[in-house]
Amino acid sequence: MKVSQILNNNVAIVSRGDNEVIVYAKGLAFRKKVGQVIHENEIEKTYVLDSNDMLEHFSYLLAHSDASHITLVNQIIAYGEEKLNEKSNDYLSLTLLDHIEFALKRAAKGQFIRSPLTWEVKKFYPQHFEIGMYALDLINEQFQVAFPEDEAVSIALHFVNLQEDKNNLDETIRSMESLRDILSIIQYHFQIKLDEGSLNYMRLMTHLQYFIQRLLTKSNHEESDTILNEQIKSLYKESFECVQKIRVYVQQKYACDLTIDEETYLMLHIHRVTHRSQRERTE
């Protein structure tokens with residue numbers, strides 16, 4: 001591969017066939033000149049990008065990044081690949097490097113950003129969160145900073161993005177936010193904290209995940225059992241009142257309404273998950 005451009009002692013752009021790629025290794029480009037050959041065994045990392053704009057952006061990033069930051073990212077990526085049993089792409093390496101570089105600049109100014117998705121990522125992406133915590137431990141120790149747990153969440157989402165395309169990631173985040181909001185409505189309405197280890201809680205969570213997916217995809221759901229709906233309303237009046245609050249939330253966030261069956265099953269699940277908690281509170 002012939003050198004097209006030398007960015008610094010460690011980074012160069014080389015021609016590989018009809019494409020240009022970025023290559024990295026410590027001291028790789030030292031004493032190299034444009035037009036000279038770099039062999040595969042000299043390269044530690046190759047970044048293949050699919051547009052000139054991205055090539056230009058990440059060329060600048062790598063040229064101005066400390067070698068220790070690149071090594072750190074490679075460590076985090078290797079751990080994440082082993083944890084998820086999946087190979088990463090070059091965009092993950094570069095976007096994670098960009099994130100960490102910016103985060104360290106913020107930390108130097110004492111600026112730490114809180115994540116609104118801490119609970120959701122811990123709950124639904126425990127492996128990804130573990131990768132984030134691994135990265136956080138490395139960063140805090142190596143650079144003598146004290147990033148809060150929220151930063152681990154931001155790093156974890158880079159690995160979620162590895163397994164989801166951009167649209168799916170946005171949908172996943174929206175789904176997690178909705179799940180958090182609906183659980184908050186239930187707990188606030190009944191003035192209780194739900195037992196996350198109970199079977200009824202797990203059943204509620206499963207139902208809510210399918211319910212939110214229906215809202216996100218706008219898929220139709222036939223209404224059928226109005227008689228059962230009326231019976232459940234009369235039996236579980238407090239659960240019915242809670243579902244009406246969820247109805248308002250759904251109307252505002254998704255511009256659609258609950259079907260009769262959805263209302264029925266929400267009342268049933270909410271009654272089951274709250275009935276034991278209420279009973280324990282009065283005992």
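Just above sits the structure.
Calculation notes
- Residues numbered from 1 in each chain as written.
- Predicted model: local features only at pLDDT ≥ 70, side-chain atom pairs only at ≥ 80, totals over all residues.
- Heavy atoms only, no water.
- Helix = DSSP H or I, 4+ residues; strand = E, 2+ residues; numbered from the N terminus.
- Rg over C-alpha atoms; globule rule 2.2 N^0.38 Å.
- Buried < 20%, exposed > 50% of the residue type's maximum accessible area, 1.4 Å probe, protein only.
- Contact = heavy atoms within 4.5 Å.
- Areas by Shrake-Rupley, 256 points an atom, 1.4 Å probe, with all protein chains shown as cover.
- Lys, Arg positive; Asp, Glu negative; His and termini not counted.
- Charge placed at Lys NZ, Arg CZ, Asp CG, Glu CD.
- Pairing = 2+ DSSP bridges.
- Axes fitted to C-alpha atoms, helices over the stretch in contact; angles between N-to-C directions.
- Salt bridge = Lys/Arg side-chain N within 4 Å of Asp/Glu carboxyl O.
- Phe/Tyr/Trp six-rings, centres within 6.5 Å; stacked < 30°, edge-to-face > 60°.
- Disulfide = S-S within 2.5 Å.
- Polar contact = N/O pair within 3.5 Å; in protein donor to acceptor, adjacent residues only side chain to side chain.

### A closer look at the overall build of the chain
Alright, step 1. Counting secondary structure elements, the chain contains 11 helices and 4 strands.
Alright, step 2. A globule of 283 residues ought to have a C-alpha radius of gyration of about 19 Å, yet the chain, at 25 Å, is considerably larger.
Alright, step 3. On the principal axes, the C-alpha backbone points of the chain span a range of 85 × 40 × 30 Å.
Alright, step 4. The buried share among the 283 residues of the chain stands at 46%.
Alright, step 5. In the chain, once contacts between residues fewer than 6 apart in sequence are set aside, the share between residues at least 24 apart is 69%.
Alright, step 6. By element, 48% of the accessible surface of the chain is carried by carbon and sulfur atoms, the whole surface being about 15400 Å².
Alright, step 7. Across the chain, the mean location of the 31 positive side-chain charges is 3 Å away from that of the 42 negative side-chain charges.

### Digging into the sheet that holds strand E2 (residues 11–16)
Alright, step 1. Across the sheet, 4 strands lie side by side as E1-E2-E3-E4; this open sheet has antiparallel pairing. Only two strands of the sheet have a single partner each, and these edge strands are strand E1 (2–6) and strand E4 (45–47). Strand after strand, the sheet turns through a mean of 35° between neighbouring axes, direction not considered.
Alright, step 2. As defined by bridge partners, E2 adjoins strand E3 (residues 19–24) across 6 bridges and the pair is classed as antiparallel. Considered in E3, the bridge of Ala12 is made with Val23.
Alright, step 3. The strands touched by helix H2 (residues 67–84) within the sheet are E3 and E4, with E3 carrying the most contacts at an inclination of about 100°.

### Quick notes on the pattern of salt bridges
Alright, step 1. With the rule as written, the count across this model stands at 12 salt bridges.
Alright, step 2. Between Lys45 and Asp90 there is a salt bridge, and its shortest N-O distance comes to 3.9 Å. A residue pair is termed long-range when its members are at least 10 positions apart, and Lys45 in strand E4 and Asp90 in helix H3 (residues 90–108) qualify at 45 residues.
Alright, step 3. One salt bridge in this structure joins Glu196 and Lys123, with 3.3 Å as the shortest N-O distance. Residue Glu196 is found in the loop between helix H7 (166–190) and helix H8 (199–217), and its partner Lys123 is found in helix H4 (residues 118–124); the two are separated by 73 residues along the sequence.
Alright, step 4. For Glu196, a relative accessible area of 30% translates into the label partly exposed.
Alright, step 5. Residue classification places Lys123 among the partly exposed residues on the basis of a relative accessible area of 28%.
Alright, step 6. When salt bridges with common partners are traced through the structure, they connect Glu230, Lys233, Arg247, Asp257 and Glu263 into a single cluster.

### Considering the packing of aromatic side chains
Alright, step 1. Enumeration according to the criterion identifies 2 aromatic pairs in this entry.
Alright, step 2. With centroids separated by 5.6 Å and ring planes inclined at 90°, the aromatic side chains of Phe112 and Phe147 adopt a geometry described as edge-to-face. Of this pair, Phe112 sits in the loop between H3 and H4 while Phe147 sits in the loop between helix H5 (126–143) and helix H6 (149–163); the two residues are 35 residues apart in sequence, bridging distant segments of the chain.

### As for the state of the cysteines
Put plainly, a disulfide is one covalent bond tying together the sulfur atoms of two cysteines.
Alright, step 1. Counting across every chain of the model gives 0 disulfides.
Alright, step 2. Looking at Cys242, it has no disulfide partner, and the nearest cysteine sulfur is the one in Cys256, 17 Å off.
Alright, step 3. The buried category is assigned to Cys242, whose relative accessible area is 0%.
Alright, step 4. A relative accessible area of 19% places Cys256 in the buried class.

### Concerning the side chain of Thr274
Alright, step 1. Among the secondary structure elements, Thr274 is positioned in helix H11 (residues 260–282).
Alright, step 2. Of the residues examined, Thr274 reaches a relative accessible area of 1% and is grouped as buried.
Alright, step 3. A distance of 2.6 Å separates the side chain of Thr274 from the backbone oxygen of Ile270, its partner in a polar contact.
Alright, step 4. Ignoring any residue separated from it by four or fewer positions in sequence, one finds Thr274 in contact with Ile186, Phe190, Ile192 and Leu194.

### A few points about the pairing of E2
Alright, step 1. Relative to E2, E1 is paired through 4 bridges, and the arrangement is antiparallel. The residue of E2 that forms the bridge with Val3 is Val14.
Alright, step 2. What sits between the antiparallel neighbours E1 and E2 is a turn of 4 residues.

Functional significance is not addressed by these values, which are geometric in nature.
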